[in-house]
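A structural walkthrough
Each chain is listed here by its residues.
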Amino acid sequence: MTVSLEEYYRTTFEDKLLVKMPEREDDHLTPATRLLEKRREMSEVEQALSAQKEEFQMKMESLQQRREELERKEFQLKESLLKFDKFLKENDSKRARAIKKAKDEKDAARQKDNDIDKYVLIHLIMIHCN
């Protein structure tokens, strides 16, 4: 089951590069004509290969751009997350300070009420004693 080089390349390039090679009877052609024909076929195959390489390169560049865009968006998302985390911590800190301030003010008001009650009691006692 030996396959000639011509047949091998014809099937390989037809399958891989989607280039249809015409079937011909080369018996009546001179060797120089056959050489020119093979050069033409090789040129067509090289052009198809070059086109595929260019398409592949364009796809790779597109993928690289998408990767860079995703990395940029990931960085922005991380930055946003850090800012939000900082905001939450500051908010918790402000809340804790506000709760402490409210408690302190409530304690101070209670102390003032106690002082007022004490002075009123003293005043009543003094009025009663006189």
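Refer to the preceding data block for the structure.
This section reports on the structure supplied with the text. (Residues numbered from 1 in each chain as written. Predicted model: local features only at pLDDT ≥ 70, side-chain atom pairs only at ≥ 80, totals over all residues. Heavy atoms only, no water.)

**Quick notes on the overall build of the protein**
Looking only at helices and strands, the protein has two helices and zero strands in total. Residues classed as buried in the protein amount to 8% of the 130 residues present. Here the protein has roughly 12,300 Å² of accessible surface; of this, 59% comes from carbon and sulfur atoms. (Helix = DSSP H or I, 4+ residues; strand = E, 2+ residues; numbered from the N terminus. Buried < 20%, exposed > 50% of the residue type's maximum accessible area, 1.4 Å probe, protein only. Areas by Shrake-Rupley, 256 points an atom, 1.4 Å probe, with all protein chains shown as cover.)

**Points about the packing of aromatic side chains**
Counted under the stated rule, the structure contains one aromatic pair. Here lysine 118 stacks its cationic end above the ring of tyrosine 119, 5.9 Å away from the centre of that ring. (Phe/Tyr/Trp six-rings, centres within 6.5 Å; stacked < 30°, edge-to-face > 60°. Lys NZ or Arg CZ within 6 Å of the ring centre and 35° of its normal.)

**What about a nonpolar patch on the surface?**
Residues Ile116, Val120, Leu124 and Ile127 make up a contiguous nonpolar surface patch of roughly 370 Å² in combined accessible area. Mapped onto the fold, isoleucine 127 is located in helix H2 (residues 31-129). (Patch = residues over 30% accessible without salt bridge, like charges linked within 9 Å, V, L, I, M, F, W, Y side chains within 5 Å. Salt bridge = Lys/Arg side-chain N within 4 Å of Asp/Glu carboxyl O.)

**As for H2**
For H2, spanning 99 residues, the distance from its first C-alpha to its last is 144 Å, which sits close to the expected 147 Å at 1.5 Å a residue. Those residues of H2 that fall on the buried side of the exposure criterion are Glu37, Glu41, Val45 and Ala48. (Expected span 1.5 Å × (residues − 1).)

**A short note on the pattern of salt bridges**
Scanning all chains against the criterion turns up eleven salt bridges. One salt bridge in this structure joins glutamate 55 and lysine 59, with 3.4 Å as the shortest N-O distance. Taken together, the residues glutamate 55 and lysine 59, both in helix H2 and four residues apart, mark about one turn of the helix. The salt bridge involving arginine 110 is made with aspartate 107; its shortest N-O contact spans 3.3 Å.

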